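# A structural walkthrough
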Amino acid sequence: MSKTSYYAPAGGLPPQTQLLTDRAVFTEAYAVIPKGVMTDIVTSNLPFWDKTRAWVLARPLSGFAETFSQYIMELAPGGGSDRPETDPNAEAVLFVVEGQVQLSIDGQPHEMTAGGYAYLPAGCDWTLHNRGDSAARLHWIRKAYQRVEGIETPAAFVTNERDVDRVAMPDTDGAWATTRFVDPDDMRHDMHVNIVTLQPGAVIPFMETHVMEHGLYVLEGKAVYRLNQDWVEVEAGDFMWLRAFCPQACYAGGPGPFRYLLYKDVNRHMALG
């Protein structure tokens, strides 16, 4: 795999001379949170986290996307938590975009650098710390795990994107590919967090309209994304938040690859109440 980079916000505030007009939009079908929105004054602090702040990109919202939350966590040197998750039903994926962190799962330490990926099942005993000299930034995606009688809970695992092969979509000659960290046929998992890569000029060639909710964080590049009835320009650092059945398609703009971290809920019956 060729060397890649991931966009990570650094905070700060725009100058008083900047125009207010931006690309942020919230509709009944989708939201776009552009990278310029992720300033110091919109960060959140979380219980039992030290020297850490979070940009909350998504949260369960009635009548919109209801299955997941997504944060960008910024851990200053010495920052982290011995009690990161307070909800015993929450499973998680961590994806590191900058710096280095030490993840401990059931007492077993794992060093994670950019591209590092971890799946943490509900009820898992884990801690996270930045032992380095510079800030670390990572995505934390959380979902309430949907247990099914007769299907065991998935195990925790840690890997890195560079160690996982991309899978080309059919009939695309590799122009559109997906990095899958979990086997799609593994019914233990009720969410997938993948990386989608489109080469310059590649397209998602039809209006996807489906039950899965999405969080899409642009890691690299730029594109024009079709969301419901609108064409929206997006670039590295932007976040797209889609409710179920929002029509979607994409045209990758170049000059380099267009890549995004993608959440979707999968492998479970639709709740009837």
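Scroll up to find the structure this text is about.
What you see is a predicted model; the values in this text were computed from it and never measured. (Residues numbered from 1 in each chain as written. Predicted model: local features only at pLDDT ≥ 70, side-chain atom pairs only at ≥ 80, totals over all residues. Heavy atoms only, no water.)

### Let's talk about the side chain of His139
Mapped onto the elements of the fold, His139 is located in strand S10 (residues 136-144). The contacts of His139, once residues within four sequence positions are left out, are Leu57, Gln70, Tyr71, Ile72, Val93, Leu94, Phe95, Val97, Tyr217 and Leu261. (Helix = DSSP H or I, 4+ residues; strand = E, 2+ residues; numbered from the N terminus. Contact = heavy atoms within 4.5 Å.)

### Some points on the environment of Val32
Looking at the secondary structure, you find Val32 in strand S2 (residues 30-33). Taking the relative accessible area as the measure of exposure, Val32 reaches 2% and is therefore buried. Separated by 81 residues in sequence, Val32 and Thr113 place their C-alpha atoms 28 Å apart. Excluding residues within four positions of it along the chain, Val32 makes contact with Arg23, Ala24, Val25, Leu227, Val232, Phe239 and Met240. (Buried < 20%, exposed > 50% of the residue type's maximum accessible area, 1.4 Å probe, protein only.)

### Concerning the pattern of salt bridges
Tallying each qualifying case throughout the model produces twelve salt bridges. Where Asp238 meets Arg23, a salt bridge forms, and the shortest distance between an N and an O atom there is 2.7 Å. Remark: Arg23 occurs in the segment before strand S1 (25-26) and Asp238 occurs in the loop between strand S18 (230-235) and strand S19 (239-242); sequence separation between them is 215 residues. A residue is classified by how much of its surface remains accessible, and Asp238, at 0% relative accessible area, is buried. Owing to a relative accessible area of 29%, Arg23 belongs among the partly exposed residues under this scheme. Here Arg53 ties to Glu74 by a salt bridge, and the two come within 2.5 Å at their closest N and O atoms. You can see Arg53 sitting in strand S3 (residues 50-58) and its partner Glu74 sitting in strand S4 (residues 68-81), a full 21 residues away along the chain. (Salt bridge = Lys/Arg side-chain N within 4 Å of Asp/Glu carboxyl O.)

### A look at the sheet that holds S19
On the basis of which strands lie adjacent, the open sheet formed by eight strands has the order S1-S2-S19-S16-S21-S14-S13-S12 and antiparallel pairing. Where the open sheet ends on each side, the last strands, each with one partner, are S1 and strand S12 (166-168). Pairing between strand S16 (residues 214-220) and S19: four bridges, direction antiparallel. Looking at the pairing, His214 lines up with Leu242 of S19. (Pairing = 2+ DSSP bridges.)

### Details of the sheet that holds S18
With antiparallel pairing, the four strands of this open sheet are ordered in space as S15-S20-S17-S18. The open sheet has two free edges, formed respectively by strand S15 (203-208) and S18, since each of these has just one partner strand. Adjacent strand axes in the sheet meet at a mean angle of 20° when their direction is disregarded. Both S15 and strand S20 (residues 248-252) contribute to a ladder of three bridges, which runs antiparallel. Following the sheet pairing, Val203 is matched in S20 by Tyr251. (Axes fitted to C-alpha atoms, helices over the stretch in contact; angles between N-to-C directions.)

That's the geometry; what it means functionally is another story.
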